[in-house]
Amino acid sequence: MTTLDHPAVLTIAAELRAKGMAGAAAGIRMLDDDVRTAAAAAAALGIEVGAIANSLVFAAHHGAEKRPLLVLTSGRHRADPAKLAALTGADAISRAEPAFVRLHTGHAIGGVGPVGHPAPVPTLVDTALADYPVVWAAAGHPKSVFPTTYADLVILTGGTAAVVAVGEDDPIP
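Residues numbered from 1 in each chain as written. Predicted model: local features only at pLDDT ≥ 70, side-chain atom pairs only at ≥ 80, totals over all residues. Heavy atoms only, no water.

Undergrad: I'd like to hear about the pairing of strand E5 (residues 123–126), residue by residue, with values.
TA: Side chains Thr123 and Val125 of E5 all project onto a buried face; the interleaved residues Leu124 and Asp126 project onto the opposite face, where all are buried too. By the bridge criterion, 3 bridges tie strand E3 (residues 65–74) to E5 in an arrangement that is parallel. Counterpart to Val71 in the pairing with E5 is Leu124. Bridge analysis of E5 against strand E8 (residues 160–162) gives 3 bridges, and the strand direction is parallel. Considered in E8, the bridge of Leu124 is made with Thr160. (Buried < 20%, exposed > 50% of the residue type's maximum accessible area, 1.4 Å probe, protein only. Helix = DSSP H or I, 4+ residues; strand = E, 2+ residues; numbered from the N terminus. Pairing = 2+ DSSP bridges.)

Dropping the structure here:
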């Protein structure tokens, strides 16, 4: 099986086409190496790190219940858990464990796509991504990415546009 034949990549490509985003599906690229971070993906693509739509899965705590929350954030900064809790009404937000991520998305950390999950995952889309005419998102495998736009990510995911960082630019150290 090649990376293009990976079930998660095929699922994302099919969902992109089904939502009228055939250009994004056709633009899926397989990179030479895994790109499990926004910095690695940006370097591999030769673009600014901010144009990477970093897929971060969190556990949103509502009482004793943990629900998945997907945050598509610009690679130029990090999401603020306190802000995410306020935006979603959660009691607290924590980083999700790898098994929780795979259970709710069907993807391994480093390749989590914005769609193609077993069931819809509530999603916040970082408004900082609007600063870039093209953004790149993971396509279900740590070596796969696809081009899209901020507006299309909001439509594709049914997500909510939000400011998710502490400040306008909260750079990752």
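Having seen the structure, we can now continue with the description.
Undergrad: Describe in detail the nonpolar core, supporting the description with residues and values.
TA: Counting 30 residues, the largest nonpolar core has Leu16, Leu129, Phe146 and Leu153 as the members making the most contacts within it. Among the secondary structure elements, those contributing two or more residues to this core are helix H1 (7–18), helix H2 (22–26), strand E2 (52–62), E3, helix H5 (98–105), strand E6 (135–138) and helix H6 (150–157). Of the residues forming this core, the biggest block, 4 residues, is contributed by H1. What Phe146 contacts, discounting residues up to four positions off in sequence, is Ile12, Leu16, Ala24, Gly27, Ile28, Pro114, Val135, Trp136, Ala137, Ala138, Ala139 and Leu156. Counting 13 residues, the second-largest nonpolar core is a separate cluster that includes Phe58, Leu69, Ala90 and Leu124. (Core = buried A, V, L, I, M, F, W, Y, C linked by side-chain atoms within 4.5 Å. Contact = heavy atoms within 4.5 Å.)

Undergrad: Tell me about the side chain of His117, and please be specific about residues and values.
TA: Within the element layout of this structure, His117 appears in the loop between H5 and E5. By relative accessible area, His117 is classed as buried at 15%. Within polar-contact distance, the side chain of His117 engages the backbone oxygen of Gly113 at 2.8 Å. (Polar contact = N/O pair within 3.5 Å; in protein donor to acceptor, adjacent residues only side chain to side chain.)

Undergrad: I'd like a description of H5, backed by residues and values.
TA: Looking at H5, one finds that the buried residues are Phe100, Val101 and Thr105. On an axial view of H5, the arc spanned by its buried residues comes to 105°, and they lie on one face. In H5, the exposed positions that point more than 90 degrees away from the buried face belong to Ala99 and Leu103. (Arc of directions from axis to C-beta.)

Undergrad: Pulling in residues and values, what's your account of the pairing of E2?
TA: For a regular strand, side chains alternate in direction, first toward one face of the sheet and then toward the other. E2 sits mainly inside the fold: 10 of its 11 residues count as buried. Pairing analysis gives 2 bridges linking E2 to E6, with the strands arranged parallel. Its bridge partner lying in E6, Ala53 is registered against Ala137. Of the strand pairs in this sheet, E2 and E3 are connected by 10 bridges, and their pairing is antiparallel. Of the residues in E3, the one forming a bridge with Leu56 is Val71. Here E2 folds back onto E3 in antiparallel fashion, the turn holding 2 residues, of which Gly63 has a positive phi close to 65°. Looking at chain direction, E2 and strand E4 (residues 92–95) are connected through 4 bridges and run antiparallel. Paired with Ala60 across the bridge in E4 is Ile93.

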